Amino acid sequence: MTYSVKETFPQRARPSRDASAAPAASAVPAKSPDPGTLAATVRTVGPSMTRSMQRVAEAVANDPAACAHLTVTALAQRTGTSEATVVRTARLLGYPGYRDLRLALAALAAQQAAGVPPAVTADIAVDDPLTEVVAKLAREEQQTLADTAAQLDVAQLEAAVGALAAARRIEVFGIGASSLVGQDLVQKLLRIGLIAHAHGDTHLAITNAVQLRQGDVAIAITHSGNTHDVIEPLRVAFDRGATTVAITGRPDGAVTQYADHVLTTSTSRESELRPAAMSSRTSQLLVVDFLFIGVMQRTYETAAPALSASYEALAHRHSPRASRS
């Protein structure tokens, strides 16, 4: 079914998003990311790069000390790519140009020389004993959380928190595992007195998005950044004038076209025994907690009593029933 609601109301200008720009681009002034986040950024945006760009990204992440001494031409030759590809890769990693990336590589090499431990990743084999599975998953989860925190644009997070704290109404869109994350966020927001709804059904999501206006907030959660059933209601909300937020693992995904604020998540590598739905959920839930705590801080005078009241209202359901005489 094709929806035509887009043409029934005045259009908002879309945020300007260049595919070669840094992740989470918006009206917030761009700045080069911390060198220590380079490996996390490569793991996050790498899957969405072309193969030639991936070779450049992997080269600088795996051997920053050597690459820091290479000119753009030399790095292009080393990776079997072109100078233009090297520059585009630098920009996609968050740096204004290749010179800025070289400075970051030099700083990262210095950090590594000082003994900063490298990231640990491990594949799970079908015949691994359960004790090994536990250890490997724990390491992967820790790395995923660390990567998400390291490369998250805090200015974007602050802006999203401010919008949520002042929102008249909040609608959250997600499908599958992302829908579960959306429900988690909504339950948290309801506990502190905000009006929020989570939608896993596209028709219902669009119906609610049509009712949004300026002062409302719509959040889309999609790891791929290209899930049509999530993008469509966010587009409707965007065109209606609501503040829109995208939580995604792909900063160049289609969903960001309709997002005022983009919160980029990181994931562990997908494997046969660890599908994307598992790894993406971990980082999405962390971002949800960032949002909730930020809103709680901004609205503490009203949020704290509301949270306390919800605890009291449910307390008797978590206690053993009194024995009957």
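This text follows the structure it describes.
Residues numbered from 1 in each chain as written. Predicted model: local features only at pLDDT ≥ 70, side-chain atom pairs only at ≥ 80, totals over all residues. Heavy atoms only, no water.

Running from N to C, helix α2 (residues 51–62) and helix α5 (residues 83–92) cross one another at 70°; their axes reach a closest spacing of 9 Å. With respect to each other, α2 and α5 are oriented roughly perpendicular. Where α2 crosses over α5, the handedness of that crossing is right-handed. Listed contacts from α5 to S52, M53, V56 and A57 of α2 are T85, V86, R88, T89 and L92. In the contact of α2 with α5, the residues fall into five nonpolar, three polar and one charged. (Axes fitted to C-alpha atoms, helices over the stretch in contact; angles between N-to-C directions. Helix = DSSP H or I, 4+ residues; strand = E, 2+ residues; numbered from the N terminus. Parallel < 35°, antiparallel > 145°, perpendicular 65-115°, else oblique. Left-handed = near helix turned anticlockwise from the far one by under 90°. Contact = heavy atoms within 4.5 Å. Nonpolar A, V, L, I, M, F, W, Y, C, P; charged D, E, K, R; others polar.)

Time to look at the nonpolar core. Counting 30 residues, the largest nonpolar core has I170, I192, V217, I219, L263 and L291 as the members making the most contacts within it. Put simply, the parts of the chain that give this core at least two residues each are α8 (154–165), β1 (170–174), α9 (177–191), β3 (217–222), β4 (243–248), α12 (276–298) and α13 (300–315). Here the element with the most residues in this core is α12; it accounts for six residues. Apart from the residues lying within four places of it in its own chain, the contact partners of I219 are L164, I170, E171, V172, F173, L185, L234, V245 and I247. Counting 25 residues, the second-largest nonpolar core is a separate cluster that includes V45, A57, A68 and L108. (Core = buried A, V, L, I, M, F, W, Y, C linked by side-chain atoms within 4.5 Å. Buried < 20%, exposed > 50% of the residue type's maximum accessible area, 1.4 Å probe, protein only.)

In this section: the sheet that holds β1. Across the sheet, which stays open at both edges, the five strands sit in the order β2-β1-β3-β4-β5 with parallel pairing between neighbours. At either end of the open sheet lies a strand with only one pairing partner, and these are β2 (196–199) and β5 (261–264). Taking each pair of neighbouring strands and ignoring which way they run, the sheet shows an average axis angle of 15°. Where β1 meets β2, four bridges bridge the pair, whose relative direction is parallel. Bridged to E171 within β2 is H197. The sheet contacts of α8 involve β1, β3, β4 and β5, and relative to β5 the element is tilted by about 120°. Along the sheet face, helix α11 (residues 228–240) touches β1, β3 and β4 and points at about 160° away from the line of β3. (Pairing = 2+ DSSP bridges.)

The subject of this paragraph is helix α1 (residues 38–45). Since the α-helix packs 3.6 residues into each turn, any two residues three or four apart lie on the same face. Taken across its eight residues, α1 has six buried, putting it largely inside the fold. By the burial criterion, the buried members of α1 are L38, A40, T41, V42, T44 and V45. Looking at the buried positions of α1, the neighbouring elements they touch are α2, α6 (98–113), α7 (130–151) and β5.

Moving on, we get to the packing of aromatic side chains. Scanning all chains against the criterion turns up one aromatic pair. On the numbers, 6.1 Å between centres and 70° between planes, the contact of F238 with Y258 is edge-to-face. Of the two residues, F238 is situated in helix α11 and Y258 in the loop between β4 and β5; the sequence distance between them amounts to 20 residues. Just as F238 is buried, Y258 falls in that class too. (Phe/Tyr/Trp six-rings, centres within 6.5 Å; stacked < 30°, edge-to-face > 60°.)

Moving on, we come to the side chain of S178. Checked against the element boundaries, S178 lands in helix α9. Non-local contacts of S178, meaning those with residues more than four positions away in its chain, are made with I221, T222, H223 and Q284.

Our next topic: the side chain of H199. Take H199: it is sitting in strand β2. Given a relative accessible area of 7%, H199 falls into the buried group. A distance of 2.4 Å separates polar atoms of two side chains, one belonging to H199 and the other to E171. Ignoring anything within four residues of it in the chain, the contact list for H199 reads E171, V172, F173, G174, L204, A205 and N208. (Polar contact = N/O pair within 3.5 Å; in protein donor to acceptor, adjacent residues only side chain to side chain.)

Moving on, we come to the packing of α1 against α7. In a packed pair of helices, the relevant descriptors are the angle between the two axes and the axis-to-axis distance. Interhelical geometry of α1 versus α7 gives an angle of 105° and a closest axis separation of 9 Å. If you check the angle between α1 and α7, you find them roughly perpendicular. Judged by residue contacts, A40, T41, R43 and T44 of α1 engage Q143, D147, A150 and Q151 from α7. Residue classes in the contact of α1 with α7 are distributed as two nonpolar, four polar and two charged.

Attention now moves to α8. The terminal C-alpha atoms of α8 lie 16 Å apart, and with twelve residues this matches the ideal 16 Å at 1.5 Å per residue to within 8%. Those residues of α8 that sit buried are Q156, L157, A160, V161, A163 and L164. Seen end-on, α8 carries its buried residues on one side only, within an arc spanning 165°. Two to three positions downstream of the cap, the backbone nitrogen of A155 sits 3.0 Å from a side-chain oxygen, assigning the N-cap of α8 to D153. (Expected span 1.5 Å × (residues − 1). Arc of directions from axis to C-beta.)

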